[in-house]
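A closer look at the structure
So you can see what is in the structure, the chains are spelled out below.
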Amino acid sequence: MKDTFIHQGLRTKLMKTLQKKGIVNSEVLAAINKIPRHLFMDSSFLAHAYVDKAFPIAADQTISQPYTVARQTELLEVSKGATVLEIGTGSGYQTAVLLEMGVQVYSIERQNELFKITKRFLPKLGYRPKKLIFGDGYKGLPEAAPYDGIIVTAGAPFVPNPLLAQLKVGAKLVIPVGDTVQIMTVFTRTSPTNFEKEEFGEFRFVPLLEDKN
Ligand code: SAH
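Here's what I pulled together on the structure shown here. Please read all numbers here as calculations on a predicted model, not as lab measurements.

**Here we look at the overall build of the protein**
A count of helices and strands for the protein gives six helices and nine strands. For a compact globule of 213 residues, the expected C-alpha radius of gyration is about 17 Å, and the protein comes in at 16 Å, within 12% of that figure. Taken along its principal axes, the extent of the C-alpha atoms in the protein is 50 × 35 × 35 Å. Burial status across the protein gives 53% buried among its 213 residues. Partitioning the intrachain contacts of the protein with sequence separation of at least 6 by distance along the chain shows that 52% fall at a separation of at least 24. A total of about 10200 Å² of accessible surface is found on the protein, and carbon and sulfur atoms cover 52% of it. The positive charge centre, built from 26 side chains, and the negative charge centre, built from 21, are 7 Å apart in the protein.

This is the structure we're talking about:
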């Protein structure tokens, strides 16, 4: 597992690309500049690790495009010390971005193969989430709720009510909603019974699946 000055150079370029595309949160940019994304991907994709694209990982899933990760993280509006629930651990890259920012992360993955790979992999890089869970993200994780933010990294056909219910007042749910194309949607819990909804353009994700098989 090597991280060299060549990788660092490519990361700095990627960071500048993201800035040009409109990412302004300096903590998000610093995290991306620091995390060895090439180590989260199959070695055959090494040459592509620092272009702004999504790539295949195990179990027919993808590591999200860096811009998407950056944008979703920015929209969460969390900082050091916050507690966040992530749905769709996947490669663990998004998890690492949040951890690098000093956020406490709970993350749920429904593909057992990926769950096991990522659970073993993250600590090797020094990343220690509060908990990685093998399970169904539609239900959220009531045991550690309420959260300062919830981020869904797969395309949701609808907005799961348990996720809204597990937000603190003032916290945001960042969720791509739609079937083939998703609209990045942010729900802010403005009071125990009220949510404000905002939309931030089109994205494409692998689907948030409803059953275990
Ligand atoms: N955050 C990841 C993105 C992975 S793609 C990364 O940075 O690499 C989305 C992930 O969501 C996939 O790993 C997929 O298996 C997972 N997923 C799909 N449906 C899910 C569900 N109902 N609950 C939890 N995870 C789910």
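**A closer look at the layout of surface pockets**
Estimates place the volume of the largest pocket at around 480 Å³. What lines the largest pocket is a set of 35 residues, and nearest its centre among them are Gln 61, Gly 88, Thr 153, Ala 154 and Val 206. Elements with a minimum of two residues in the lining of the largest pocket: β2 (62-63), α3 (66-76), β3 (83-87), α4 (93-100) and β4 (104-109). Among the residues making up the lining of the largest pocket, the classes are represented as 15 nonpolar, 15 polar and five charged.

**Observations regarding a nonpolar patch on the surface**
On the surface, Phe 5, Ile 6 and Leu 10 cluster together into a nonpolar patch covering about 340 Å² of accessible area. Tracing the sequence through the fold places Phe 5 in helix α1 (residues 5-20). For Phe 5, a relative accessible area of 70% gives the class exposed.

Cut-off values and rules
- Residues numbered from 1 in each chain as written.
- Predicted model: local features only at pLDDT ≥ 70, side-chain atom pairs only at ≥ 80, totals over all residues.
- Heavy atoms only, no water.
- Helix = DSSP H or I, 4+ residues; strand = E, 2+ residues; numbered from the N terminus.
- Rg over C-alpha atoms; globule rule 2.2 N^0.38 Å.
- Buried < 20%, exposed > 50% of the residue type's maximum accessible area, 1.4 Å probe, protein only.
- Contact = heavy atoms within 4.5 Å.
- Areas by Shrake-Rupley, 256 points an atom, 1.4 Å probe, with all protein chains shown as cover.
- Lys, Arg positive; Asp, Glu negative; His and termini not counted.
- Charge placed at Lys NZ, Arg CZ, Asp CG, Glu CD.
- 1 Å grid on protein atoms, 1.4 Å probe; cavity = no way out; pocket = protein on both sides within 12 Å on 5 of 7 lines; lining within 4 Å.
- Points joined across faces, edges and corners; volume = space filled by probe spheres on them.
- Nonpolar A, V, L, I, M, F, W, Y, C, P; charged D, E, K, R; others polar.
- Patch = residues over 30% accessible without salt bridge, like charges linked within 9 Å, V, L, I, M, F, W, Y side chains within 5 Å.
- Salt bridge = Lys/Arg side-chain N within 4 Å of Asp/Glu carboxyl O.

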